[in-house]
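Observations on chain architecture
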Amino acid sequence: MPLLGNTVGNIIVTGIVTWTLQRRIALATRLLRGLKCYHITAAGADASELVHNTPTQRPSKQQAAKARKRDADLGEAGSVTSMPASIAQIEASAFYSQLDTLTSLVPAAVANYLLGVAYQLTGSPLNFFPALFATIIIAVALQSLFMVTMATNLSPSFDKWCSLFFALLSGAAAASMLLVAPRGLLNIDTTGATRALSHASASVLSQRGWEPDAQVQHGQGAGVQPVALEVALALLGAVLGGLLLTPIMRIMRSFATALEVPEWATQQLRFPAWLPFSLNLNLMLPALAMIVWVNPLFQEPLGIPQAWMPGIKAGVLTSISLVQLANSRSLVQSYLDTGLKQWHTLKHGSLGRAAAAGTATGAVIKKKLMIVNGLFVKVAIQCLAPPTILLGCAMIIMQPSQDGVLPNRGKAKPAEILQIPISFWICMADFCGWWTCTCWFTVSVASLSLIRLGLLQA
């Protein structure tokens, strides 16, 4: 099978998947198409679903005068229309290009991973494409979170400062777990990764005419030290913490909104019956992942062989990713439903506050609905990026873990490219997946607590 035994097969599969997604399926628009957006009802509009005042008893003269004043203040915002999101609306939204890139690369990465599994089952030579694409989708997910959180004026400055502060806390916590905690506490093989990295770097140096120490050539001696890799992992932990803070908080707010439907909105806000269970599962599985990586809490008391751990870790991360992906569309809809709730709150509870500020309540409602409808693609990225990171980590962890290097591209000589051991990528993915789950559980519990205490609006 010469076609499947080299990188040509991966290139063809990647091209077919990418072309299909770009030309035939348009996964980014299919994911969001049909979600309900709320708009102010224009006069004479043929609305698909109208939300307006609930009929009440015949008002008194004083109540009628107050109602006329309120209607004048509201203008056309006395009722809103729910309309499904169209393809044109989705593609014109902010950050659509990031969403399109992310949703196009993930299927390509999965296809390359499955092709790599087929290589192993048929005994064909392996190549670097599965690990490469898994690394790419992790990097693209982090880049997308950076674009929608830090590199835009559509995010409040307060959110950016909170992200920077939490990045410092996250980096310090990761450093304490990696550098201060007893070695062997975590099931992350930094020693084996640095040994393989030292061996690979010695091979590259020797091919360039340098003569490294004999011990370094065998992965021993004064090569790359584990502490250097642990510092790099702590920096990765800081990046993960800073970029995951606002997405997790947004998801938890949508979580609370989906589970607490006001009585007046029971006819408008409808979610699948399985959603409460799935959302609660989304909280419990990251807690399980935190335990799986701690040797004294999982592997040692259960007597699990080390050879089984990569499969267990990848299975846990994949399960979390699939649950989060299944919840993503409902969570985006829950965010869009906040437009309806803000309309109801302003219409029935804030007459006079907007007028006191010199702005009609109808104008405030129109502005809020415009903001909510304009940023739902951003929320979609925030919902999709964390499971993408976890899925990429799972695919890397399941790569063959021998201390070899990623095969060279084509017939390139080893001295012409940088050879990186697969065990190094596995170590990075190991920590990245575990720390993502740790941040998820920590921030989600804190966010839900603040929402329950009334300190954070859902």
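Residues numbered from 1 in each chain as written. Predicted model: local features only at pLDDT ≥ 70, side-chain atom pairs only at ≥ 80, totals over all residues. Heavy atoms only, no water.

1. Thoughts on the overall build of the chain
Helix and strand counts for the chain come out as 17 helices and three strands. By the burial criterion, 48% of the 458 residues in the chain qualify as buried. The long-range share in the chain, meaning contacts at least 24 apart out of those at least 6 apart in sequence, stands at 84%. Accessible surface, the chain as shown: approximately 22,200 Å² in total, 64% of it carbon and sulfur. (Helix = DSSP H or I, 4+ residues; strand = E, 2+ residues; numbered from the N terminus. Buried < 20%, exposed > 50% of the residue type's maximum accessible area, 1.4 Å probe, protein only. Contact = heavy atoms within 4.5 Å. Areas by Shrake-Rupley, 256 points an atom, 1.4 Å probe, with all protein chains shown as cover.)

2. What about the environment of Leu 235?
The topology assignment puts Leu 235 in helix α10 (residues 226-259). When its relative accessible area of 56% is taken as the criterion, Leu 235 is described as exposed.

3. A closer look at the side chain of Ser 334
Relative to the helices and strands, Ser 334 resides in helix α13 (residues 309-349). With a relative accessible area of 0%, Ser 334 lands in the buried category. A distance of 3.3 Å separates a polar atom in the side chain of Ser 334 from the backbone nitrogen of Ala 258. Apart from the residues within four sequence positions on either side, Ser 334 is in contact with Ser 254, Thr 257, Ala 258 and Phe 271. (Polar contact = N/O pair within 3.5 Å; in protein donor to acceptor, adjacent residues only side chain to side chain.)

4. Details of the pattern of salt bridges
Here the structure, examined in full by the defined rule, presents three salt bridges. When the shortest N-O distance is used, the salt bridge between Arg 183 and Glu 230 registers 2.8 Å. Of the two residues, Arg 183 sits in the loop between α7 (157-180) and α8 (190-207) while Glu 230 sits in helix α10, which places them 47 residues apart along the sequence. For Asp 430, the salt bridge goes to Lys 313, with nearest N and O atoms at 3.0 Å. Within this pair, whereas Asp 430 is found in helix α17 (residues 422-452), its partner Lys 313 is found in helix α13, the two being separated by 117 residues in sequence. For Asp 430, a relative accessible area of 6% puts it in the buried group. (Salt bridge = Lys/Arg side-chain N within 4 Å of Asp/Glu carboxyl O.)

5. Observations concerning the packing of aromatic side chains
The final tally for this structure, using the stated rule, is five aromatic pairs. With centroids separated by 6.0 Å and ring planes inclined at 25°, the aromatic side chains of Phe 129 and Phe 133 adopt a geometry described as stacked. Here the residue Phe 129 and the residue Phe 133 both occupy positions in helix α6 (residues 129-149), the gap between them amounting to four residues, near one helical turn. Taken as a pair, Phe 129 and Phe 133 share a single burial class, namely buried. (Phe/Tyr/Trp six-rings, centres within 6.5 Å; stacked < 30°, edge-to-face > 60°.)

6. Let's talk about the state of the cysteines
Inspection of every chain in the model, using the stated rule, returns zero disulfides. With no disulfide partner, Cys 393 has as its closest neighbouring cysteine sulfur the one in Cys 432, 3.6 Å distant. (Disulfide = S-S within 2.5 Å.)

7. With respect to the packing of helix α11 (residues 275-292) against α17
Packed helix pairs are specified by the crossing angle of their axes together with the interaxial distance, meaning the distance between the axes. Between α11 and α17, the shortest axis-to-axis distance is 8 Å and the interhelical angle comes to 135°. When the axis of α11 is compared with that of α17, the two are oblique. Judged by the twist between their axes, the crossing of α11 over α17 is left-handed. Here Asn 282, Leu 283, Pro 286, Ala 287, Ala 289 and Met 290 of α11 come into contact with α17, specifically with Trp 434, Cys 437, Thr 438, Trp 440, Phe 441, Ser 444 and Leu 448. The residue makeup of the contact of α11 with α17, split by class, is ten nonpolar, three polar and no charged. (Axes fitted to C-alpha atoms, helices over the stretch in contact; angles between N-to-C directions. Parallel < 35°, antiparallel > 145°, perpendicular 65-115°, else oblique. Left-handed = near helix turned anticlockwise from the far one by under 90°. Nonpolar A, V, L, I, M, F, W, Y, C, P; charged D, E, K, R; others polar.)

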